[in-house]
Amino acid sequence: MRPAADLRRPRTAGRRARFALAAAALAILPAACSNPKGPMETAPPESAYTQAEAYAPMEAAAAEAVAALPDFPGFEQRSWAEMPCSRGGVDDPDYTRIEIRYRFSLPDSGAPLVRERYVELLRDHWTGLGYEITADDAVEGGERTDRNLVALREDGISLWYAVGGYAGLFIDSGCVPVSDAGDIEYVPPTGGVAPGGPGDLVGDYFPEGVPAAREAVAPFEPPADYGDHL
Amino acid sequence: MSELTWEHLRDLDCGAVRSLGDSWQSYTEQQLVHPERLRADVVGGHLSVEHYESDTAATVRDQIDMTADRYEDDLSDYARTRVATTLFEAADALEKEQAELEELVPLIEAHGMAIEGDRHEYDVNLSGDLHRAILTLDPPQWLCDRCGVRKPDGFWDWDTLKVLFDGADLYGTAVGLAGQYQDWLRAVMSRAHDADDEAAAALTAMSEHPGELPPELGAAYDDLVDDYREALSQEVADEARAIAEGASDLSPEQVNQWWEGLSEAEREALAEEHPEWVGPVDGIPAAARDTANRALLDDRIGGLDSRIADKERALAGMDPGSDAYERAKEELDGLETDRRELSDLRGEITDRDGGPGTHGETGQPYHLLGFDTEGSGKAIVAIGDPDTADNVNAYVPGTGGGLAGSGAGLLDRARTMASDAQFYRPDEQTATVLWMGYDAPDDLIEATDDRWAREGAENLERFTRGVRATAEGEPANLTLTGHSYGSTAVGAAASGQGVEADNLVFVGSPGVGVDTASALGVDEGGVWASTNDEDMIQYAPVHGNAPVNEDFGAGTFTSDSPREASSPWRFWEGATENHGSYWDTDESATGPNTASRQNQAYIVTGQEAMVR
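Reading the values: rules and limits
- Residues numbered from 1 in each chain as written.
- Chains lettered and ligands numbered in written order.
- Predicted model: local features only at pLDDT ≥ 70, side-chain atom pairs only at ≥ 80, totals over all residues.
- Heavy atoms only, no water.
- Helix = DSSP H or I, 4+ residues; strand = E, 2+ residues; numbered from the N terminus.
- Contact = heavy atoms within 4.5 Å.
- Buried < 20%, exposed > 50% of the residue type's maximum accessible area, 1.4 Å probe, protein only.
- Areas by Shrake-Rupley, 256 points an atom, 1.4 Å probe, with all protein chains shown as cover.
- Patch = residues over 30% accessible without salt bridge, like charges linked within 9 Å, V, L, I, M, F, W, Y side chains within 5 Å.
- Salt bridge = Lys/Arg side-chain N within 4 Å of Asp/Glu carboxyl O.
- Axes fitted to C-alpha atoms, helices over the stretch in contact; angles between N-to-C directions.
- Parallel < 35°, antiparallel > 145°, perpendicular 65-115°, else oblique.
- Left-handed = near helix turned anticlockwise from the far one by under 90°.
- Nonpolar A, V, L, I, M, F, W, Y, C, P; charged D, E, K, R; others polar.
- Disulfide = S-S within 2.5 Å.
- Polar contact = N/O pair within 3.5 Å; in protein donor to acceptor, adjacent residues only side chain to side chain.
- Phe/Tyr/Trp six-rings, centres within 6.5 Å; stacked < 30°, edge-to-face > 60°.
- Expected span 1.5 Å × (residues − 1).
- Core = buried A, V, L, I, M, F, W, Y, C linked by side-chain atoms within 4.5 Å.
- Pairing = 2+ DSSP bridges.
- Lys, Arg positive; Asp, Glu negative; His and termini not counted.
- Charge placed at Lys NZ, Arg CZ, Asp CG, Glu CD.
- pLDDT = per-residue confidence, 0-100.

Peer 1: Any chance you could explain the overall build of chain A here in plain terms?
Peer 2: Helix and strand counts for chain A stand at five helices and seven strands. For chain A, the sequential pattern of α-helices and β-strands runs α-α-β-β-α-α-β-β-β-β-β-α. In chain A, of all internal contacts separated by at least 6 residues, the share reaching a separation of at least 24 is 62%.

Peer 1: So what exactly am I meant to see when it comes to the overall build of chain B here?
Peer 2: When helices and strands are tallied, chain B shows 19 helices and eleven strands. The buried share of chain B, reckoned over its 612 residues, is 56%. Sequence-distant contacts in chain B: of pairs separated by 6 or more residues, those separated by 24 or more amount to 71%. Put simply, chain B shows about 25,200 Å² of open surface, and 49% of that area lies on carbon and sulfur atoms.

Peer 1: Explain a nonpolar patch on the surface to me, please; I cannot follow it from the model alone.
Peer 2: Residues and elements named next belong to chain B. A grouping of Leu20, Trp24, Tyr27 and Tyr71 is seen on the molecular surface, where their side chains present a nonpolar patch of about 360 Å² in accessible area. Looking at where leucine 20 falls in the secondary structure, it is placed in helix 2 (residues 14–31). Under the relative-accessibility criterion, leucine 20 is labelled partly exposed at 44%.

Peer 1: Mind showing me how you'd approach the packing of helix 2 of chain B against helix 4 (residues 55–110) of chain B here?
Peer 2: Relative placement of two packed helices is described by the angle separating their axes and the distance separating the axes. All names here are of chain B. Across the interface, helix 2 lies against helix 4 with an axial gap of 8 Å and an inter-helix angle of 165 degrees. When the interaxial angle is binned, helix 2 and helix 4 end up roughly antiparallel. In this structure, helix 2 crosses over helix 4, and the sense of that crossing is left-handed. Split into classes, the residues belonging to the contact of helix 2 with helix 4 amount to 14 nonpolar, five polar and five charged.

Peer 1: So what exactly am I meant to see when it comes to the state of the cysteines here?
Peer 2: Residues and elements named next belong to chain B. This structure, assessed with the given rule, holds one disulfide over all chains. There is no disulfide at cysteine 144, and the cysteine sulfur nearest it, in cysteine 147, is 7.5 Å away. According to the relative accessible area criterion, cysteine 147 is buried, its value standing at 14%.

Peer 1: Please explain the side chain of Ser518(B) as it appears in this structure.
Peer 2: Residue and element names in this part refer to chain B. Along the chain, the position of serine 518 falls in the loop between strand 9 (503–507) and strand 10 (527–530). Residue classification places serine 518 among the buried residues on the basis of a relative accessible area of 0%. Side chain to side chain, serine 518 and glutamate 524 meet in a polar contact 3.4 Å long.

Peer 1: What is the right way to read the packing of aromatic side chains from this model?
Peer 2: Remark: the centre distance and the inter-plane angle together describe each pair of aromatic rings, the angle taken between the planes. Under the definition given, this model contains 20 aromatic pairs over all chains. The interplanar angle of 35 degrees and the centroid separation of 6.3 Å between the aromatic rings of Tyr166(A) and Phe423(B) together place this pair among those described as tilted. In this pair, Tyr166(A) is assigned in the loop between strand 5 (158–163) and strand 6 (167–177) and Phe423(B) in helix 15 (residues 409–424), connecting two distinct chains. By relative accessible area, Phe423(B) is classed as buried at 3%. Considering the side-chain rings of Trp435(B) and Tyr438(B), the 6.2 Å spacing of their centres and the 10 degrees angle between planes classify their relative orientation as stacked.

Peer 1: When you look at helix 17 (residues 485–497) of chain B in this model, what are you seeing that I'm missing?
Peer 2: Structurally, the α-helix is built with 3.6 residues per turn, so residues lying three or four positions apart point the same way. All names here are of chain B. For helix 17, spanning 13 residues, the distance from its first C-alpha to its last is 18 Å, which sits close to the expected 18 Å at 1.5 Å a residue. Among the residues of helix 17, Tyr485, Gly486, Ser487, Thr488, Ala489, Val490, Gly491, Ala492, Ala493, Ala494 and Ser495 are the ones counted as buried. Count one or two residues on from helix 17 and you reach glycine 498, which has phi positive near 90 degrees.

Peer 1: It is not clear to me how the nonpolar core should be interpreted in this structure. Could you clarify?
Peer 2: Buried together is how nonpolar side chains tend to be arranged in soluble globular proteins. Counting 106 residues, the largest nonpolar core has Met113(B), Tyr181(B) and Leu504(B) as the members making the most contacts within it. By residue number, the principal contributor to this core is helix 8 (residues 167–208) of chain B, which donates twelve residues. The residues contacting Met113(B), other than those within four sequence positions of it, are Ile108(B), Val124(B), Asn125(B), Leu126(B), Ser127(B), Leu130(B), Trp142(B), Ala174(B), Leu177(B), Ala178(B) and Tyr181(B). Residues Val66(A), Leu69(A), Leu169(A) and Phe206(A) belong to the second largest nonpolar core, which totals 41 residues.

Peer 1: It is not clear to me how unusual backbone geometry should be interpreted in this structure. Could you clarify?
Peer 2: Glycine aside, residues mostly have negative phi angles, and peptide bonds mostly take the trans form. Residue and element names in this part refer to chain B. One non-glycine residue, leucine 137, lies in the positive phi region at around 60 degrees. Looking at the secondary structure, you find leucine 137 in the loop between helix 5 (128–135) and helix 6 (141–147). Classification of leucine 137 by relative accessible area gives buried; the value is 15%. The backbone phi angle of serine 484 is positive, close to 55 degrees, even though this residue is not glycine. Structurally, serine 484 is set in the loop between strand 8 (477–483) and helix 17. Here serine 484 falls in the buried class, since its relative accessible area comes to 6%.

Peer 1: Even after reading the chapter, I still don't get the sheet that holds strand 9 of chain B, so can you show me in this structure?
Peer 2: Adjacent strands of a sheet pair through backbone hydrogen bonds, lying either parallel or antiparallel. Residues and elements named next belong to chain B. One open sheet accounts for nine strands, arranged 3-4-5-7-6-8-9-10-11; its pairing is mixed. Looking along the sheet, the strands with just one partner apiece sit at the ends: strand 3 (358–359) and strand 11 (555–556). Packing against the sheet, helix 17 makes contact with strand 6 (391–396), strand 8 and strand 9, and its axis sits at approximately 130 degrees to strand 8.

Peer 1: Could you clarify how one ought to interpret the pattern of salt bridges in this entry?
Peer 2: A pair can form between side chains of opposite charge whenever their charged atoms are brought close. Under the definition given, this model contains 53 salt bridges over all chains. With its nearest N and O atoms 2.9 Å apart, the salt bridge here joins Glu99(A) to Arg597(B). Here Arg597(B) lies in helix 19 (residues 594–604) and Glu99(A) lies in strand 2 (residues 90–103), a pairing that spans two chains. The buried category is assigned to Glu99(A), whose relative accessible area is 1%. Arg597(B) gets classed as buried once you look at its relative accessible area, which sits at 1%. The partner of Glu235(B) in a salt bridge is Arg70(B), and the shortest N-O contact between them spans 2.8 Å. Placement of the pair is Glu235(B) in helix 9 (residues 221–244) and Arg70(B) in helix 4, with a sequence separation of 165 residues.

Peer 1: In this structure, what is going on with the environment of Ala57(B)? I would like to understand it.
Peer 2: Structurally, Ala57(B) can be placed in helix 4. The spatial distance from the C-alpha of Ala57(B) to the C-alpha of Val43(B) is 9.6 Å, given a sequence separation of 14 residues.

Peer 1: I tried to follow the environment of Phe75(A) on my own but got confused; where do I start?
Peer 2: Residues and elements named next belong to chain A. Checked against the element boundaries, phenylalanine 75 lands in the loop between helix 2 (51–67) and strand 1 (77–87). C-alpha separation for the pair phenylalanine 75 and arginine 103, spaced 28 residues apart in sequence, amounts to 5.5 Å. Apart from the residues within four sequence positions on either side, phenylalanine 75 is in contact with Val66, Tyr102, Arg103, Phe104, Leu169, Thr190, Gly191, Gly192 and Val193.

Peer 1: Hey, could you run me through a negative patch on the surface in this one?
Peer 2: On the surface, a cluster of negative charge is made up of Asp222(B), Asp223(B), Asp226(B), Asp227(B) and Glu230(B). Position of Asp226(B) relative to the elements: it lies in helix 9.

Peer 1: What should I look at first to understand the confidence of the model for chain B in this one?
Peer 2: Low pLDDT marks regions whose predicted coordinates should not be analysed in detail. Mean pLDDT over chain B works out to 89, with 90% of the residues at or above the 70 mark. Residue range residues 563–588 of chain B is modelled with pLDDT below 50. Its contacts to residues more than four positions away, or to other chains, number 104 contacts.

As structure tokens, this is what we get:
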């Protein structure tokens, strides 16, 4: 049976209510859009870090989580991602939100140690550190159970241990003021990802090459090309 | 303009239309034997060089060869692509709407309602009997059930009195249901008219533009044959231009057949000499479009550099206090904005060596499927290859979207969706498309008008049909994810033009233009909506019934409300700022929106059973 044949709420009454609410909402919203800093606030909420400052404490948070996990198999890859920050539904170009993503390999993602035990250990560990657990749930699927554990720190950084088809650790900065690309410094990865290696996926931030890879020159090997040495 | 009434549609024998298409198809295959016989038996047989060696014989062989080619081309272009495919498409589209009608009309009749009005804007009204039944306090059982009252038994008892007091509610409920059926019927007929008009236009265009034939042998042959050969190569170019400029009536499926019918050399020549006729066209494979669009992007940026330099030189010779200077300065600013936005877009999809880039995290190549600087600007960028993917998710942004965001924030969201899809479904390939292919409203005042959605509907419809047409192997599981006003755009395309999609996902929707999922022309099981508890948009569904409402009939999924008000009395902060939080993007949002991202990834990758 179609949903339309199972209607309970009269459309006309619903519409009357919606018009009234829409009018009320629109009275607020236009100002939200016309003023990129928002209708009610003159400045965005303060953040503990700028974008450039946030990477180091976020990576430290990842390292600290990894240190609490025994028999750690190592992550397969690390990447730095961003998402826009919006106010009243409109993106604010002065702010960004960093998400550092560590991911286990597919075989390691299927191990009970990673899918179950680490969730329990991190729950205890983060709670012990005084972090606020903001999500802790499981989703039963036919062939697997997915899990989420999210902890929020006082400085606005949050940690999300996610178990899906892959498993991984995502560290989120909250909204931070955008920095110049040149001010963003390389921070080596943790959890067994080789700095500048194939799993260190931060190349978009360093167009001249990931610093760790640039610096990793074998001292006693002759250069492939003498162009810069002659 | 289609003359189809709902009765015509109900009674139409779609099987007969499809059989006609089959006839043309088999006719094409039978006829292809003839040019082959001409080449083998005539040119390569008794008229071959071994038997006839002279200039005249060579000319005759050439002429026969050209005639055979022409015949083959016409069979392919007219009999198969235009006639047969048009008939198949029309039969499929009309049959789909006919099935909707077969479900809808009995519901209308069973509820004592009637279809009235013009075929282009049918009304569904309460019948006289139903009016009377309500007014005489004898409402039908279904209406009593909906309003939660017992049907009166004819005496002035408590139930009768309750019905009397609930009269307005009974009436409102009946009118509300009629309104929903009306939405549904109008959407069905709109899509049916669209299919009918498209088929008629394609068939008419065929008869209006017959192809040139090779010149007849005779005294003027030598003079005419060069013109013919030139016209032949021009024909491909003319057709490509007509398709790109929207002057052709070919559907994306037919465009794909046309493209596949070109020789490799013709395809390469078109992409190289006229990338503007290849890059934006739905129905041409993504790889070819990407190559053409990248060339086009380079050209456009180069052209802007020249224009900026010219404008700067002109400004240098002007009086800075003059009106002409102000105007020229304004133009220069516009050019520089376009240059910067296009350059940003190029930077996002290009690797360090200037080649096509890949999304590092998922390892998927970018495909540039279109861009434009007109209005707020447009950009269609795929992460992954939609032609080979198991799943395709097209993200349609809302208010404030444009080319500027496509070079950064909007593409960042699409990248997150791509990563999430891979994270939750690693055994399948999912291509994520940022579909900024319509001129979005700039602000929420403009967003109260649905014209932006209506104007973009045809583009979105063609995009979905293009994805279907260029699929290699099994068609992908295709999802359209509309955010905010983007959901209104998806709704307008789905109910008005019809989209080829398996799932429609509406997040933070202000309404999708219709009041029921039934009117969207896709399986209702694939219609999903989410609004978090704190999103202000739930209070402002200005484009129809909010799709999260139970009576809309969509599946709903959870989104967290990560944004909190900074103090209890600043109650509006959470509501206004949660309206972008489906990807954890609000300033001062507290933690990532795991539920929304996870649920969207499940839907997009065909794991709906895990949606919560």
